[in-house]
Amino acid sequence: MTIRKTTATVALCGLLATSVTGASPLVPSPQDPPSDPRAQVAYLVDLSSGAELVARNPDRRFVPASITKTMTLFVAFELIAEGKLDPKQEFAISDATFRAWRQKGSTMFIPAGARVPVHDLLLGIANVSANDGSIVLAEGSAGSVDNWVALMNRKARELGMRNSQFGTPNGWADGGRTFTTARDLSLLARALIERHGALYSRYIGHAGFTYNGIAQTNHDPMIGRVAGADGIKTGHTGEAGYGYLGTAARGGRRLAVVVAAAETKGARDTLAQGLVEWGFATTRTRKLFAAETPVGEAMVQGGDSLSVPLVTGKLPVVATLPTTASPDIRLTIHYNGPLRAPVEAGEQVAELEIAVDGYTPSRVPLFAGQAVAEARGLDRLRNGVAGLFRW
């Protein structure tokens with residue numbers, strides 16, 4: 001039997017219904033978000049809820065320059081988590097790499113013939129934008145730059161970065177092969193922090209870095225200037241203009257900002273700082289569900305159970321609201337269903353849409369709360385009959 005896949009919605013469990021009514025209507029924010037015509041892309045998202053607070057050209061492709069190194073860091077963190085890379089490992093800089101990248105753009109000044117611990121390479125890439133360090137890491141870990149770039153693009157696809165492509169480990173101009181979008185970078189930032197929080201804190205957001213006796217300063221525009229800011233990466237070339245991907249955390253919530261294709265460093269820095277300050281000042285969050293909480297169920301076809309509970313992830317689910325109002329919150333579960341057995345426990349099978357008046361609806365993943373095996377014998381017949389009355 002062929003089942004047409006549709007987007008299904010189900011009722012929500014617990015105290016929250018599909019609509020949470022607030023005490024007062026939505027009213028305008030105390031002020032509009034900062035803007036600057038000298039920056040073509042400006043994007044502010046609440047990573048705690050997924051809510052987009054400012055979205056100027058969020059899907060416009062641009063050249064990220066050294067922001068590319070964020071994906072190199074993510075790939076390295078993934079390999080460390082998988083046990084395939086050790087921060088204590090040492091990689092040698094080849095003669096060809098030394099000649100090609102010696103003092104070429106931003107560098108950590110790796111000397112000829114040096115063997116560099118992965119720990120130092122990651123610090124150099126994250127905090128002083130080391131072009132040489134990026135190449136040494138790529139060649140040492142993956143065997144070649146091409147192999148490393150293939151890993152970068154594979155991870156981008158896994159994260160759903162549909163409008164991104166990488167051609168280098170460090171973002172050096174490559175004739176347009178490397179491009180991304182603000183929305184895609186927000187997905188990367190979320191994954192970097194949620195999957196690898198300890199490594200993120202260990203390597204990203206330092207005030208500077210010293211290697212080979214040379215001390216350099218991190219040029220991040222928010223660290224030390226915006227409360228709670230901890231990176232992530234700046235970028236600049238003549239082709240790309242000035243760009244930035246950064247985050248700041250306060251009071252249990254985290255905002256991510258992307259500014260790109262800015263005409264000047266000052267325009268980029270001021271806009272990024274202003275957007276984050278505006279976001280914290282004019283919005284707040286309301287907790288909807290605790291982590292790993294059942295919120296509904298999805299129907300299952302061909303399983304030893306007719307349904308599977310849907311639970312939230314490892315972080316609480318929250319909604320972003322304006323500080324000046326308590327608008328309605330509308331919650332809807334979406335999945336392509338019925339799901340087909342087998343279903344693995346912990347498998348992402350649905351999304352919870354959070355719709356708040358005045359903001360673009362956001363979605364967070366929902367996971368199968370238990371495994372559902374394929375039905376056998378009489379169970380298959382029973383489920384088929386029962387399914388006639390449910391689907």
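Chemist: Could you give an account of the overall build of the protein, naming the residues involved and the relevant values?
Modeler: When you go through the protein residue by residue, the secondary structure sums to 9 helices and 19 strands. By the burial criterion, 52% of the 391 residues in the protein qualify as buried. A total accessible area of about 17400 Å² is found for the protein, and carbon and sulfur atoms account for 50% of it.

Chemist: Residues and numbers for the pairing of strand S15 (residues 317–322), please.
Modeler: For a regular strand, side chains alternate in direction, first toward one face of the sheet and then toward the other. Within S15, 6 of the 6 residues are buried, which leaves it mostly tucked inside the rest of the structure. Burial along S15 is two-sided: the residues Val317, Ala319 and Leu321 and Val318, Thr320 and Pro322 are all buried. Where strand S12 (residues 283–289) and S15 come together, 6 bridges link them in antiparallel fashion. If you follow threonine 285 over to S15, its bridge partner there is threonine 320.

Chemist: Residue-level account of the packing of aromatic side chains, with values.
Modeler: In the structure shown here, the tally under the stated rule is 3 aromatic pairs. Relative to tryptophan 172, the ring of tryptophan 101 lies with its centre 5.7 Å away and its plane at 90 degrees, an arrangement referred to as edge-to-face. On the criterion of sequence distance, the pair formed by tryptophan 101 in helix H2 (residues 95–101) and tryptophan 172 in the loop between helix H5 (145–158) and helix H6 (182–195) is long-range, its members being 71 residues apart. Residue classification places tryptophan 101 among the buried residues on the basis of a relative accessible area of 13%. Using a relative accessible area of 34% as the deciding quantity, one classes tryptophan 172 as partly exposed. Here the guanidinium or amino end of lysine 104 rests over the ring plane of tryptophan 101, the centre of that ring lying 4.6 Å away.

Chemist: Can you tell me about the environment of tyrosine 200, naming the residues and giving the values?
Modeler: Tracing the backbone through its elements, the reader meets tyrosine 200 in helix H7 (residues 197–203). The exposure class assigned to tyrosine 200 is buried, which follows from its relative accessible area of 3%. Along the sequence, tyrosine 200 and glycine 231 sit 31 residues apart, while their C-alpha atoms lie 9.6 Å from each other. Filtering out sequence-adjacent residues up to four positions away, tyrosine 200 remains in contact with Phe77, Leu192, Ile193, Asp230, Ile232, Thr247 and Arg254.

Chemist: Can you explain the packing of helix H1 (residues 69–81) against helix H3 (residues 118–128)? Please cite residues and give values.
Modeler: Packing of H1 against H3 brings their axes to within 10 Å, and their N-to-C directions diverge by 150 degrees. Between H1 and H3, the angle falls in the class roughly antiparallel. As H1 runs across H3, the sense of the crossing is left-handed. Within the contact between the two elements, H1 uses Lys69, Thr72, Leu73, Ala76, Phe77 and Ile80 and H3 uses Leu122, Ile125 and Ala126. Classifying every residue of the contact of H1 with H3 gives 7 nonpolar, 1 polar and 1 charged.

Chemist: Tell me about the pattern of salt bridges, and please be specific about residues and values.
Modeler: One pass over the structure, following the stated rule, counts 19 salt bridges. Residues joined in a network through salt bridges with shared partners are Glu78, Glu82, Lys84, Arg154, Lys155, Glu158 and Arg195.

Chemist: I'd love a proper account of unusual backbone geometry, names of residues and values included.
Modeler: In the segment running from glycine 337 into proline 338, the intervening peptide bond is cis, with an omega of 5 degrees. Its location among the elements puts proline 338 in the loop between strand S16 (329–337) and strand S17 (339–340). Residues alanine 341 and proline 342 are joined by a peptide bond in cis, for which omega reads 5 degrees. For asparagine 57, which is not a glycine, the phi torsion comes out positive at approximately 55 degrees. Relative to the elements of secondary structure, asparagine 57 occurs in the loop between strand S4 (51–56) and H1. Even without being a glycine, asparagine 212 presents a positive backbone phi close to 55 degrees.

Chemist: Could you give an account of the environment of leucine 121, with specific residues and numbers?
Modeler: Assignment of secondary structure puts leucine 121 in helix H3. Since its relative accessible area comes to 0%, leucine 121 is described here as buried. Residues leucine 121 and glycine 133, spaced 12 residues apart in sequence, show a C-alpha to C-alpha distance of 5.3 Å. Here leucine 121 is in contact with Phe91, Met108, Ile110, Val116, Gly133, Val136 and Leu137, once residues within four sequence places are set aside.

Chemist: Got a sec to walk through the sheet that holds S4? Specific residues and values, please.
Modeler: Judged by pairing direction, the sheet is antiparallel, and its 5 strands sit side by side in the order S4-S3-S11-S10-S9 without closing on themselves. The open sheet terminates on both sides in strands that have one partner only, identified here as S4 and strand S9 (229–237). Ignoring strand direction, the axes of neighbouring strands in this sheet form an average angle of 5 degrees. On the sheet, helix H8 (residues 265–282) packs against strand S3 (39–46), S4, S9, strand S10 (241–250) and strand S11 (253–262) and is oriented at approximately 155 degrees with respect to S11.

Chemist: Can you tell me about the nonpolar core, naming the residues and giving the values?
Modeler: Core analysis: the largest hydrophobic core is formed by 59 residues, its most contacted members being Met71, Met108, Ile110, Leu122, Leu137 and Trp148. Ranked by residues supplied to this core, first place goes to H1 with 8 residues. Beyond its immediate stretch of four places on either side in the chain, isoleucine 110 contacts Ile93, Phe98, Val116, Leu121, Asp132, Gly133, Val136 and Tyr211.

Chemist: Describe H6, with residues and values.
Modeler: The terminal C-alpha atoms of H6 lie 20 Å apart, and with 14 residues this matches the ideal 20 Å at 1.5 Å per residue to within 8%. When we look at burial in H6, the residues that qualify are Ala182, Asp184, Leu185, Ser186, Leu188, Ala189, Ala191, Leu192 and Ile193. In the core, the buried residues of H6 are packed alongside S3, H1, H7, S9, S10 and S11.

Chemist: Residues and numbers for the side chain of threonine 178, please.
Modeler: Residue placement: threonine 178 occurs in the loop between H5 and H6. Since its relative accessible area comes to 3%, threonine 178 is described here as buried. Reaching out from threonine 178, the side chain makes a polar contact with the side chain of aspartate 174 at a distance of 2.6 Å. With residues up to four places along the chain from it excluded, the contact list for threonine 178 reads Val63, Pro64, Thr68, Gln165, Phe166, Gly167 and Thr168.

What counts and what doesn't
- Residues numbered from 1 in each chain as written.
- Predicted model: local features only at pLDDT ≥ 70, side-chain atom pairs only at ≥ 80, totals over all residues.
- Heavy atoms only, no water.
- Helix = DSSP H or I, 4+ residues; strand = E, 2+ residues; numbered from the N terminus.
- Buried < 20%, exposed > 50% of the residue type's maximum accessible area, 1.4 Å probe, protein only.
- Areas by Shrake-Rupley, 256 points an atom, 1.4 Å probe, with all protein chains shown as cover.
- Pairing = 2+ DSSP bridges.
- Phe/Tyr/Trp six-rings, centres within 6.5 Å; stacked < 30°, edge-to-face > 60°.
- Lys NZ or Arg CZ within 6 Å of the ring centre and 35° of its normal.
- Contact = heavy atoms within 4.5 Å.
- Axes fitted to C-alpha atoms, helices over the stretch in contact; angles between N-to-C directions.
- Parallel < 35°, antiparallel > 145°, perpendicular 65-115°, else oblique.
- Left-handed = near helix turned anticlockwise from the far one by under 90°.
- Nonpolar A, V, L, I, M, F, W, Y, C, P; charged D, E, K, R; others polar.
- Salt bridge = Lys/Arg side-chain N within 4 Å of Asp/Glu carboxyl O.
- Core = buried A, V, L, I, M, F, W, Y, C linked by side-chain atoms within 4.5 Å.
- Expected span 1.5 Å × (residues − 1).
- Polar contact = N/O pair within 3.5 Å; in protein donor to acceptor, adjacent residues only side chain to side chain.

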